[in-house]
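Fold and contact review
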Amino acid sequence: MSKPPSQPVQGKPSSAARVFYFRTTFRNAIYEALKRRGWKETDGDNWDLHWTEREWMSEVFDSIHLSPTQRVNHFRNQRELCRKDLMVKNLKRHKRQLQKEQNPEADAYSFWPLTYVLPGDYALFVEEFKKYPTSFWIMKPVGRAQGKGIFLFKQLKEIAKWKSDSRYNAENKDAETYVVQRYISNPYLVAGRKFDIRLYALVTSYNPLTVWLHRSGFCRFSSTRYSNSATTMQDTTMHLTNVAIQKKSDTYDSETGGKWSLRDLKLYLMSRYGVAVVDRLFNEMEMTIMRCLFSVQNIMMNDKHCFELYGFDVLFDDSFKVYVIEVNASPSMSANTKEDMDLKVGLLSNAFDIVDIEGKMQGNETRVGGFDLIHKGIPIKPNSATSLYTTNLGCDIPDDIVRSSENTVGSTTNGGTPKEGEEKSKSSRSGSKAGIAGRPAFGAGGRSDSRAGRKTLT
Ligand SMILES: Nc1ncnc2c1ncn2[C@@H]1O[C@H](COP(=O)(O)OP(=O)(O)OP(=O)(O)O)[C@@H](O)[C@H]1O
């Protein structure tokens, strides 16, 4: 694009009557949330917010002049975190740096599966492969999504065909880059099924690093009971939890979309392991997100026009070790159930509140709808005097999210709680059983939690 954008709305009226413009090609929850806000669509350059494709950033962003108030939903070099190979490269580099500084935090950087980039690291991979003769491995093309091109293997001979393909040949300039990863073969299972978790974090600045974490998120379940037997390796509907893959399964549940909310997962786990264990697990997820962001903080091209709504994919194993699988710069905003649509429209509305094109924020907010400010140069944690939890992930989203999605910035309190008792009675009323289709059923027993002075689920 050679033409500079026009200034947003010439002869701008007073803010009360100001019309806000958006530009986007997306026709999903993004469009819905923007329309509900009362903003007008434009295909010109007079947008206040451009919710754009990642490619636009490399093809257009550098060649145009933006007015101070225009905002775009990506950072210029977002791929440093959002391409599978670059993410691991940056995590490894950051870990080395911390080790050099003898910073004990270096030990915490062990939350990604052993990964090699192919074809470049093939020889290194083979050496490592030999050390783990019983492991499964997963091969993933870095440039594709929705589980496309992914396969599992256990023996090198199983990748001979892939290796002989011209796309693999390192001499070929169009060779497709893959990552090969040690497969996490002992995922934590619910009702015998594997799942991964999608979490949302909004970064409004890399300097100072300013991060808002959304309390909700969801688990994407496999529709087939899990087995780590080698005979099941070809069964993608068992091993890959992407919705696009699951939809192909005969046992896919279109009513629930094979999903649980994060809050349901938290309550389910608390009913089995108690509050403290589950809080530690959820706090680890939050810290994993922060560590990923720290790893790229110094290389991201900070720009006041840019923000990023990341979709983090994490999973944890049967000893509650958390892994990051991938970070998405364009997390899907399509919805496969009404609950999913409500979550995504609410999340986007809150994100627009925080990005604050309309100038409604005070600047001292620590919560906006479902988002909690978790880092602004320094960590920001729930108040330990008023909250049972060290992270609000999976906690209730207070009612004012409804007002927020109708274009009002939510309240500024921090430190919510999941209302265990209320959730339990709701679940008991609905008579649901543990299973993916319904809400989780809880153990019959409860215990008094002395800190909260109320019944929590065990
Ligand atoms: N190392 C691993 N161990 C176990 N399971 C894995 C591993 N890597 C990926 N998976 C499974 O495969 C799925 C797809 O992996 P990944 O998210 O990396 O691929 P993708 O095609 O880029 O997906 P997306 O559409 O989310 O971008 C994950 O959701 C997870 O269920």
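Residues numbered from 1 in each chain as written. Predicted model: local features only at pLDDT ≥ 70, side-chain atom pairs only at ≥ 80, totals over all residues. Heavy atoms only, no water.

1. Here we look at the overall build of the protein chain
Per the secondary structure count, the protein chain includes 13 helices and 18 strands. Expressed as a percentage of its 458 residues, the buried residues of the protein chain come to 54%. Here the analysis covers contacts within the protein chain between residues at least 6 apart in sequence; of these, 68% occur between residues at least 24 apart. (Helix = DSSP H or I, 4+ residues; strand = E, 2+ residues; numbered from the N terminus. Buried < 20%, exposed > 50% of the residue type's maximum accessible area, 1.4 Å probe, protein only. Contact = heavy atoms within 4.5 Å.)

2. What about the nonpolar core?
Grouped together as the largest cluster of nonpolar side chains are 65 residues, with contacts concentrated most on Leu81, Leu265, Leu293, Phe312 and Phe316. With 10 residues, helix 10 (residues 275–297) is the single largest residue contributor to this core. Both domains that furnish three or more residues to this core are identified here as domain 1 (83–182) and domain 2 (195–434). The contacts of phenylalanine 312, once residues within four sequence positions are left out, are Leu81, Ile197, Arg198, Leu199, Ala201, Ile289, Cys292, Leu293, Val324, Glu326 and Val327. One finds Tyr200, Leu343, Met361 and Leu373 within the second-largest nonpolar core, a separate group that totals 30 residues. (Core = buried A, V, L, I, M, F, W, Y, C linked by side-chain atoms within 4.5 Å. Domains from an automatic or database assignment.)

3. Describing helix 5 (residues 122–131)
Every buried residue of helix 5 is accounted for by Tyr122, Phe125, Val126, Glu128 and Phe129. Looking at the packing, one finds that the buried side of helix 5 touches strand 5 (115–118), strand 6 (137–141), strand 7 (151–153), helix 6 (160–164) and strand 8 (178–182).

4. Re the domain arrangement of the protein chain
When the domains of the protein chain are assigned, the result is domain 1 (83–182) and domain 2 (195–434). With 23 residues of domain 1 at the contact, the number on the domain 2 side is 23 residues. For the pair domain 1 and domain 2, the two sides together bury roughly 2,000 Å², of which 63% comes from carbon and sulfur. The three residues of domain 1 that bury the most area against domain 2 are Phe111, Phe136 and Leu152, which together make up 30% of that side's buried surface. Here domain 1 is connected to domain 2 by 2 salt bridges. Here domain 1 is connected to domain 2 by 6 residue pairs in polar contact (both at pLDDT 80 or more). If you list the elements that add at least two residues to the side of domain 1 that touches domain 2, you get helix 4 (84–100), strand 6 and strand 7. Per-element tally for the side of domain 1 that touches domain 2: the top contributor is helix 4, with 6 residues. Its residues placed into classes, the side of domain 1 that touches domain 2 shows 12 nonpolar, 5 polar and 6 charged. (Buried area = accessible area lost by both parts, 1.4 Å probe. Salt bridge = Lys/Arg side-chain N within 4 Å of Asp/Glu carboxyl O. Polar contact = N/O pair within 3.5 Å; in protein donor to acceptor, adjacent residues only side chain to side chain. Nonpolar A, V, L, I, M, F, W, Y, C, P; charged D, E, K, R; others polar.)

5. Here's the deal with the environment of valine 142
Here valine 142 lies in the loop between strand 6 and strand 7. For valine 142, a relative accessible area of 12% puts it in the buried group. Spatially, the C-alpha atoms of valine 142 and tyrosine 178 are 5.3 Å apart, while their sequence positions differ by 36 residues. If we ignore the near neighbours within four places in the chain, the residues touching valine 142 are Arg83, Lys84, Asp85, Thr177, Tyr178 and Val179.

6. Details of the packing of helix 9 (residues 262–273) against helix 10
At a closest axis distance of 7 Å, the pairing of helix 9 and helix 10 adopts a crossing angle of 140 degrees. Relative to helix 10, the element helix 9 is oriented oblique. The two elements helix 9 and helix 10 meet at a crossing, and its hand is right-handed. Together, Leu262, Leu265, Lys266, Leu269, Met270 and Tyr273 of helix 9 and Val275, Val277, Val278, Leu281 and Phe282 of helix 10 make up the contact between the two elements. Among the residues making up the contact of helix 9 with helix 10, the classes are represented as 10 nonpolar, no polar and 1 charged. (Axes fitted to C-alpha atoms, helices over the stretch in contact; angles between N-to-C directions. Parallel < 35°, antiparallel > 145°, perpendicular 65-115°, else oblique. Left-handed = near helix turned anticlockwise from the far one by under 90°.)

7. What to know about the sheet that holds strand 5
Backbone-to-backbone hydrogen bonds pair the strands of a sheet. The strands run either parallel or antiparallel. Strands sit in the order 5-8-6-7 across an open sheet of 4 strands; the sheet is antiparallel. The open sheet has two edge strands with one neighbour each: strand 5 and strand 7. Between one strand and the next, the sheet's axes are offset by a mean angle of 25 degrees, whatever the strand orientation. Inspection of the sheet shows strand 6 paired to strand 8 by 5 bridges, in the antiparallel sense. Among the inter-strand pairings, isoleucine 138 is bridged to a residue of strand 8, identified as glutamine 181. Strands in contact with helix 5 are strand 5, strand 6, strand 7 and strand 8; relative to strand 5, the strand with the most contacts, it is inclined by about 145 degrees. (Pairing = 2+ DSSP bridges.)

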